[in-house]
Amino acid sequence: MSEREVVIRFRGVRKAFGPKVIYDGLDLDVFKGETLTIIGGSGMGKSVCLKMLIRLLKADGGSITAFGEEITTMSDDGLLGLRRRIAMLFQGAALFDSLTVAQNIKYPLVEHDWGTPEKRDARVAEVLEMVGMPGIQDLKPAELSGGMKKRVGLARAIAIQPDVILYDEPTTGLDPINVRRINGLILGLQERLGVTSIVVTHDMDSCFTVTDRIAFLYDRKMGWVGTKDEAERADFPPLAEFVKGGRGVLADDAADVMGAEKPGAERRT
């Protein structure tokens, strides 16, 4: 079996905010085409990891590479190219309230000078169809429910055709139906687009539904990394306690979610 391709690598990464140390020697590899889920306690820095990857936050030390390029010393032009290849769905969707759905989705397309205006309009329609929300281009964020905002945020993230999608707490604050929809979209987009996904969550049912591997943040580093099957039987008490405490009724298995929630299958609610 050939060695898996590493597309993102953290080595010895350090990050602190004043006296509060978030990371002290973070090591992590992310493989091409996988869904990796980062779990850990609230306020421990899970989202910080994603933001350092696209350099919304700068690491204090260590190395972060993506596609073989060093991010910590990357130029502004380099960062622009990086952010075309790595897109992020922010926790609150981060839509611009004054813009329509179409204008929000077009924002990264314009930023990266992607296509003609006509091609951008076509791309907006295409990605809205992918997330099961066709025909809402003219609505404003205030007219959308929480679940709809998440899906529009995801449509914006995939519009630029990234290689990697980062999901920051994608199911937080959603009802069970929308949680199921978002989980199905994560799985479906990985299958349909072949993207690499990194998901930050504290929702263990969602984690075990969508993930291939789990990275458990503990003691200011990734204290444990392995497959979801390995996580179920890992001899690491902090992980076992976290997983057991975070799981309610087990989520449907991935095949059931995929069947019910393929992109474009769900209708607007």
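Residues numbered from 1 in each chain as written. Predicted model: local features only at pLDDT ≥ 70, side-chain atom pairs only at ≥ 80, totals over all residues. Heavy atoms only, no water.

1. Some remarks on the overall build of the protein chain
Alright, step 1. The secondary structure content of the protein chain amounts to ten helices and ten strands.
Alright, step 2. The C-alpha radius of gyration of the protein chain comes to 18 Å, within 12% of the 18 Å expected for a compact globule of 269 residues.
Alright, step 3. Expressed as lengths along the three principal axes of its C-alpha atoms, the size of the protein chain is roughly 50 × 45 × 45 Å.
Alright, step 4. The contacts of the protein chain with a sequence gap of at least 6 include a subset with a gap of at least 24, amounting to 69%.
Alright, step 5. Accessible surface, the protein chain as shown: approximately 12,300 Å² in total, 50% of it carbon and sulfur.
Alright, step 6. Treating the 36 positive side-chain charges of the protein chain as one cloud and the 39 negative ones as another, the clouds have centres 3 Å apart. (Helix = DSSP H or I, 4+ residues; strand = E, 2+ residues; numbered from the N terminus. Rg over C-alpha atoms; globule rule 2.2 N^0.38 Å. Contact = heavy atoms within 4.5 Å. Areas by Shrake-Rupley, 256 points an atom, 1.4 Å probe, with all protein chains shown as cover. Lys, Arg positive; Asp, Glu negative; His and termini not counted. Charge placed at Lys NZ, Arg CZ, Asp CG, Glu CD.)

2. A short note on the packing of aromatic side chains
Alright, step 1. Overall, the coordinates contain five aromatic pairs when judged by the stated rule.
Alright, step 2. Seen in terms of ring centroids, Phe96 and Tyr107 are 5.0 Å apart; in terms of plane orientation they differ by 50°. Their pairing is tilted. Of the two residues, Phe96 is situated in the loop between strand E6 (86-89) and helix H3 (101-111) and Tyr107 in helix H3; the sequence distance between them amounts to eleven residues.
Alright, step 3. We classify Phe96 as partly exposed; its relative accessible area is 36%.
Alright, step 4. Both rings, one in Phe216 and one in Phe236, keep their centres 6.2 Å apart while their planes meet at 75°; by these two values the pair is edge-to-face. Residue Phe216 is located in strand E9 (residues 213-218), and its partner Phe236 is located in the loop between helix H8 (228-232) and helix H9 (237-246); the two are separated by 20 residues in the primary sequence.
Alright, step 5. On the basis of relative accessible area, Phe216 is assigned to the buried category, the value being 3%.
Alright, step 6. Through a chain of ring-to-ring contacts, three or more aromatic side chains come together here, namely Phe216, Tyr218, Phe236 and Phe242. (Phe/Tyr/Trp six-rings, centres within 6.5 Å; stacked < 30°, edge-to-face > 60°. Buried < 20%, exposed > 50% of the residue type's maximum accessible area, 1.4 Å probe, protein only.)

3. So, empty space enclosed by the protein
By rolling a water-sized probe across the atoms, one finds the places where empty space is left.
Alright, step 1. A complete count under the given rule lists one cavity of 30 Å³ or more for this structure.
Alright, step 2. Its volume calculated, the largest cavity comes out at about 30 Å³.
Alright, step 3. Lining the largest cavity we find Pro170, Thr171, Asn183, Ile186, Val199, Thr201, Ser206, Cys207 and Val210.
Alright, step 4. Elements supplying a minimum of two residues to the lining of the largest cavity: helix H6 (176-193) and helix H7 (204-210).
Alright, step 5. Of all the elements, H7 adds the most residues to the lining of the largest cavity, at three residues. (1 Å grid on protein atoms, 1.4 Å probe; cavity = no way out; pocket = protein on both sides within 12 Å on 5 of 7 lines; lining within 4 Å. Points joined across faces, edges and corners; volume = space filled by probe spheres on them.)

4. Points about the sheet that holds E6
Alright, step 1. In spatial order, the strands read E6-E7-E8-E3-E9-E10; together these six strands make up an open sheet with mixed pairing. Of all strands in the sheet, those bounded by a partner on one side alone are E6 and strand E10 (221-227). Ignoring strand direction, the axes of neighbouring strands in this sheet form an average angle of 20°.
Alright, step 2. Sheet topology note: the E6/strand E7 (residues 164-168) ladder contains four bridges and is parallel. Opposite Leu89, over in E7, you have Tyr167 as the bridge partner.
Alright, step 3. Contacts between helix H2 (residues 76-85) and the sheet are confined to E6 and E7, with E6 contributing the most and set at about 65° to the helix. (Pairing = 2+ DSSP bridges. Axes fitted to C-alpha atoms, helices over the stretch in contact; angles between N-to-C directions.)

5. Concerning the pairing of E7
Within a regular strand, the side chains alternate between the two sheet faces.
Alright, step 1. Among the five residues of E7, five are classified as buried, and the element is accordingly described as predominantly covered.
Alright, step 2. What you see with E7 is no split at all: Val164, Leu166 and Asp168 on one side and Ile165 and Tyr167 on the other are buried throughout.
Alright, step 3. Alignment of E7 against strand E8 (residues 196-200), held across five bridges, turns out to be parallel. Paired with Tyr167 across the strands is Val199, a residue of E8.
Alright, step 4. Between E7 and its parallel partner E8, the chain crosses via H6, and the hand of that crossover is right-handed. (Right-handed = clockwise from strand over helix to strand, strands pointing away.)

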